[in-house]
Amino acid sequence: MQELQCLFALMLGTCRKFVDPSAALELLKDAFRSAEEQQQDVSEFTHKLLDWLEDTFQLAVNAKRPGDKSENPMVQLFYGTYLTEGVHEGNAFSKMEPFGQYPLQVNGYRNLSECLEGAMVEGEMEEAATPQSAKYGQERWFTKLPPVLTFELSRFEFNQSLGQPEKIHTRLEFSQTIYMDRFLHCNKELIRMKREEIKRLKEKVVLLQQQLERYLQYGSGPARCPLPDMLQYVLEFITTRPAAALPSAQGPQAGLLQPQTQLMDAQLDRPEGQDTETEGRACLLGSPSVQPLGTVLQPPAPRVVSEAELELVQTCLQRWRQETEQDVQDLKESIARINLSIEQMYCDPLLQQVPYHLHAVLVHQGQANAGHYWAFIYNQPRRSWLKYNDISVTDSSWEELERDSFGGLKNASAYCLMYISDAVARLAADEAEGQLQREVEALPPELWHYIQEDNWRLEQETEEWEEEQSCKIPQMEPSPASELQELSSESGSDQSSGCTQRAHALSAEHARIAKEQTAKAIANCASAYERNGVEAALCKPKEVEPVEAQAGERALTAQAEPPQDAQDAEAAAQSSPQVSEVEIPSVGKIPVRSDVDGYNEEVMLSPAMQGVILAIAKARQTFDRDGSEAGLVKAFHEEYSRLYLLAKETPTPQNDARLQHVLIYFLQNNAPQQVVERTLLEQFADKNLSYDERSISIMKVARAKLREIGPDDVNMEEYRRWHEDYSLFRKVSVYLLTGLELYQNRKYQESLTYLVYAYQSNAKLLLKGARRGVSEPLIALYRRECLLKLNEVAASLFVSREEACVAQGISILNESVIPCMHLMSDFEICREDMDAIQVMRNVWCSYLGREDMDEKLQLKLGELLPRLLDSSTEVIVLKEPPKIRPNSPYDLCSRFAAVMESIHGASTVAVK
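Residues numbered from 1 in each chain as written. Predicted model: local features only at pLDDT ≥ 70, side-chain atom pairs only at ≥ 80, totals over all residues. Heavy atoms only, no water.

Asks: It is not clear to me how the overall build of the protein should be interpreted in this structure. Could you clarify?
Replies: Within the protein one finds 33 helices and 16 strands. In the protein, buried positions account for 40% of the 912 residues. Across the protein, every contact between residues at least 6 apart in sequence was considered, and the portion connecting residues at least 24 apart equals 68%. (Helix = DSSP H or I, 4+ residues; strand = E, 2+ residues; numbered from the N terminus. Buried < 20%, exposed > 50% of the residue type's maximum accessible area, 1.4 Å probe, protein only. Contact = heavy atoms within 4.5 Å.)

What follows is the structure, encoded as structure tokens:
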């Protein structure tokens, strides 16, 4: 209970995206662990957990009122009572019983209401001590319903012939709101009347169905057909004119009939012993006037029919057919009306006073002896369904819940349903409007301090992680310069603002894309700008050597001459600790104030930061003339224009501009203007822009403007989602590039892992737009090629008949091929993937019954084939995603170009 207290407190007040329940789970696993049972299902676990919680709360209750369980909050929340009334061997009985999780049978029922009706009524109920008493019958009535009503759906049964349990996969529907009035003891008399009425209506439906069956299955022999159709056939027969009476009897049809008569006469007059079959064939084939028999068949028709007979019979048949069709239609409508009355029998407003709302659905996928659980839970604050699947919590929908929970498709279905009363649902809605915060504030002091300590640890972890990711260069001791102290304090105040700090971290993370090649490209661009202006820089000349600039043109502060030996260098460092030189492409050697915390060379060399540095350089005249705020506006528009033009360029197979800058991704995907502008403004507020007085002034103004932006100006949740999408896009790109490089180096198994994760993550992005992710056909192509190569390798190892090779081949199948095949089948599979899967399956099916395979190999093949052929029984659990280094020195743009060029040129990628 203490561990659960801590866990629930963290769930209320943590700043983390998730809470780690490992400590509580370890305690639970220790309590459940036993030699006899290795695994409990969800009902066993819930029973035991509720029992333990009840016992724990009872300790507090006993201190006030010993033995009184009515005051136990677990009993009040999860337990109710029902009354069992019945007749057994003519004797009436009645018994009150408590219940927690109410079990329901699934077999034979279409929906939850039918399951409950079947559970509440068993046998025929009759009055006791009457001559017609049933031997057995009973009814159950709920006398008290708990606020949380839990139904266990019994989807497992024991197969006596096989001697093992089996899962029931039949479909069972349930709704988001159910009304429990019809099962309450207080409505017993009314419900009994309605049940009698339903019983009478069902009996009537049976009689009508039997009557309808007489019309639809008419006849006394084994072959039966609908009576209206039969009358129609007779009507067609009586109205068919005999062949001899047709006006065209002397035409071509008459000529076709004559050879048949001649043939029959010839057969009767033939000499004894003559081959009738040969003669008949010769007669049929030799006569040019004879046609195939199929062309001369005439429909059956009466030989002689007078006009009076035809008119009389035709009139009768038409009337009879119309009458029978009307009878059939009336029967169908009567059955439909009665069934509708049965379905609406309990829609009486008097029986809709006790609503319960679906709160959680526990789903089981697999078979009786193995499987996987996940849950759908309705989130009141979000007014939506969430899917809890191990460590993953994702948005869901009622449609997805229906597909996974109702059953009848594949092998996933609901195993437990949790409904909450109307009062609990209203309370949850009230909590969504502020009650949650009040609950956090009302926590005991020890739990409040526990939350505060965990949030403090989160801040420490975040700072350590950012420090590791930033790969900071060694810093010199800070100087006491007053202006830089003011800058440091401003930086500290920014970091104290959680929202600004987190937002800033997002854009800063995207800045660390490249180091060497991108720095060179920026240097070329800067050189072109210095020589020919903005137009030349935007054209991005490929072969422009960087121009060394004079130090006086690059900095506003004086530089010290480099010392001649190590002793002079040490003395110079001690005498002027606040200034150090850094070589930055496109700018040259810049005296950077080393006492400014956080300078990061790798960030300074990134395309995003180089663009900002160039924009500030272009705004130098505006800055000198009109001040720092005007300089920021000028630099902002310069950088925005550059990125806008880059976003409008037509991409080539070897160039994806989205990898260069986060804003190009945003602009190409029509991100909100507020998101674009805030992201760019954060680039100008980066703490690394502290290499001279001008950049420091512009950075200060940018930070001040950031602080002025409120929640009403920018939707920070939307802002966060856009940056998360770009991070995922970057991750997909790394997965794809790594997978393609491994594929070209013939490391197919490692390559497949990266390509699978690239495809899965990319699919999420493409749901939001075509330019949100990378090319899906490209990933699918090389994923397919990897699969075919791996399957070929596994098959060759398997047929080698060497034990080690066979084991290796089976391992490749189990770890890579089969999971990927089944994962592909879960999506909307394309024709190429389907054909590839069929090719792989055919390879293994061809080994069945081969004489050169011993019995042991055939046995292993028999174990593999069901998993290869049927994906419905496979629970796909992806391994941990492969490790990638987003801050590695590899330039993504360069890698992308190299891989795409190698694909089109069919050459191997070589990346240092």
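Asks: Whenever I open this one, a negative patch on the surface confuses me. Can you help?
Replies: Together, Glu 459, Glu 463, Glu 464, Glu 467 and Glu 468 line one region of the surface with negative charge. Mapped onto the fold, Glu 459 is located in helix H13 (residues 445-470). (Patch = residues over 30% accessible without salt bridge, like charges linked within 9 Å, V, L, I, M, F, W, Y side chains within 5 Å. Areas by Shrake-Rupley, 256 points an atom, 1.4 Å probe, with all protein chains shown as cover. Salt bridge = Lys/Arg side-chain N within 4 Å of Asp/Glu carboxyl O. Lys, Arg positive; Asp, Glu negative; His and termini not counted. Charge placed at Lys NZ, Arg CZ, Asp CG, Glu CD.)

Asks: How should the nonpolar core be read in this particular structure?
Replies: In summary, soluble globular proteins display a tendency toward joint burial of nonpolar side chains. Counting 93 residues, the largest nonpolar core has Phe 666, Phe 684, Phe 798 and Trp 844 as the members making the most contacts within it. In this structure Trp 844 touches Asn 791, Ala 794, Ala 795, Phe 798, Leu 813, Leu 861, Leu 865 and Leu 868, once residues within four positions along its chain are discounted. (Core = buried A, V, L, I, M, F, W, Y, C linked by side-chain atoms within 4.5 Å.)

Asks: How should the pairing of strand S14 (residues 412-421) be read in this particular structure?
Replies: Moving residue by residue along a regular strand, the side chains alternate between the two faces of the sheet. Of all ten residues making up S14, nine are buried, and the element is well covered by its neighbours. Judged from the five bridges that link them, strand S6 (residues 148-154) and S14 form a sheet pairing that is antiparallel. Bridge pairing in S14 places Phe 151 opposite Leu 417. By the bridge criterion, nine bridges tie strand S10 (residues 355-367) to S14 in an arrangement that is antiparallel. Within S14, the residue paired with Leu 362 across the bridge is Cys 416. (Pairing = 2+ DSSP bridges.)

Asks: Would you explain the pairing of strand S12 (residues 384-389) in this entry?
Replies: Bridge count for S12 against strand S13 (residues 392-395) is four bridges, and the pairing is antiparallel. Bridging across to S13, Lys 387 finds its partner in Thr 394. What sits between the antiparallel neighbours S12 and S13 is a turn of two residues, in which Asp 390 has the positive phi angle 55°.

Asks: Any chance you could explain the packing of helix H27 (residues 716-744) against helix H29 (residues 776-798) here in plain terms?
Replies: Two quantities define a packed helix pair, namely the angle between the helix axes and the distance between the axes. It is at 11 Å that the axes of H27 and H29 come closest, and there the two elements cross at 40°. Here the hand of the crossing between H27 and H29 comes out left-handed. Together, Leu 736, Leu 740 and Tyr 743 of H27 and Leu 778, Ile 779, Tyr 782, Glu 785, Cys 786 and Lys 789 of H29 make up the contact between the two elements. (Axes fitted to C-alpha atoms, helices over the stretch in contact; angles between N-to-C directions. Left-handed = near helix turned anticlockwise from the far one by under 90°.)

Asks: Is there a simple way to think about helix H2 (residues 22-32) in this case?
Replies: Note: α-helices contain 3.6 residues per turn, so residues at a spacing of three or four share the same orientation. Buried within H2 we find Ala 24, Leu 28 and Phe 32. End-on, the buried residues of H2 take up no more than an arc of 65°, which puts them together on one face. In this structure, the buried residues of H2 make contact with helix H1 (2-13) and helix H3 (42-64). (Arc of directions from axis to C-beta.)

Asks: Is there a simple way to explain the pattern of salt bridges in this structure?
Replies: Close approach of charged atoms allows side chains with opposite charge to pair. Overall, the coordinates contain 35 salt bridges when judged by the stated rule. Taking the shortest distance from any N to any O, the salt bridge between Glu 85 and Lys 188 comes out at 3.3 Å. Of this pair, Glu 85 sits in strand S1 (residues 80-88) while Lys 188 sits in helix H6 (residues 188-216); the two residues are 103 residues apart in sequence, bridging distant segments of the chain. For the pair Glu 85 and Lys 188, a shared accessibility class is recorded, and that class is buried.

Asks: For this particular structure, what's the right way to read the side chain of Asp 725?
Replies: Inspection of the secondary structure puts Asp 725 in helix H27. Classification of Asp 725 as buried rests on a relative accessible area of 8%.

Asks: Explanation requested: unusual backbone geometry in the structure shown.
Replies: For residues besides glycine, phi is generally negative; the peptide bonds are generally trans as well. Positive phi values are uncommon outside glycine, yet Arg 383 reaches one of about 55°. On the basis of relative accessibility, which here comes to 47%, the residue Arg 383 falls in the partly exposed class. You will see that Arg 746, though not glycine, has its phi angle at about 65°, which is positive.

Asks: In this structure, what is going on with the confidence of the model for the protein? I would like to understand it.
Replies: The predicted coordinates should not be examined in detail at positions where pLDDT is low. With 71% of its residues at a pLDDT of at least 70, the protein reaches an overall mean of 75. Averaged pLDDT values over the elements of the protein bottom out at 30 in helix H18 (residues 551-554) and peak at 94 in strand S9 (residues 177-179). In the model, residues 528-577 has pLDDT below 50 throughout and makes 52 contacts with residues more than four positions away in sequence or in other chains. Note that residues 906-912 has pLDDT below 50 and, in this model, 14 contacts with residues that lie over four places away or in other chains. (pLDDT = per-residue confidence, 0-100.)

Asks: When you look at the packing of helix H31 (residues 831-845) against helix H32 (residues 855-869) in this model, what are you seeing that I'm missing?
Replies: At a closest axis distance of 10 Å, the pairing of H31 and H32 adopts a crossing angle of 160°. What the angle tells us is that H31 and H32 run roughly antiparallel. In this structure, H31 crosses over H32, and the sense of that crossing is left-handed. Residues Arg 841, Trp 844 and Cys 845 of H31 form the contact with H32, whose own contacting residues are Leu 861, Leu 865, Leu 868 and Leu 869. Class assignment for the residues of the contact of H31 with H32 results in six nonpolar, no polar and one charged. (Parallel < 35°, antiparallel > 145°, perpendicular 65-115°, else oblique. Nonpolar A, V, L, I, M, F, W, Y, C, P; charged D, E, K, R; others polar.)

Asks: Would you explain the environment of Ala 795 in this entry?
Replies: Following the sequence through the fold, Ala 795 ends up in helix H29. As a C-alpha pair, Ala 795 and Leu 813 span 18 residues in sequence and 9.0 Å in three-dimensional space.

Asks: Would you explain the packing of aromatic side chains in this entry?
Replies: Two numbers describe a pair of aromatic rings. These are the distance of the centres and the angle of the planes. All chains considered together, the criterion is met by 26 aromatic pairs. Judged by centre distance (5.2 Å) and plane angle (70°), the rings of Tyr 102 and Phe 142 are edge-to-face. Of the two residues, Tyr 102 sits in strand S3 (residues 101-105) while Phe 142 sits in strand S5 (residues 136-144), which places them 40 residues apart along the sequence. Taken as a pair, Tyr 102 and Phe 142 share a single burial class, namely buried. Three or more aromatic residues link up through ring pairs in this structure, and these residues are Phe 174, Tyr 378, Trp 385, Trp 398 and Phe 406. Positioned over the ring face of Tyr 719 is Arg 678, at 5.7 Å from the centre of the ring. The cationic tip of Arg 783 hangs over the ring face of Tyr 759; the distance from NZ or CZ to the ring centre is 3.9 Å. (Phe/Tyr/Trp six-rings, centres within 6.5 Å; stacked < 30°, edge-to-face > 60°. Lys NZ or Arg CZ within 6 Å of the ring centre and 35° of its normal.)

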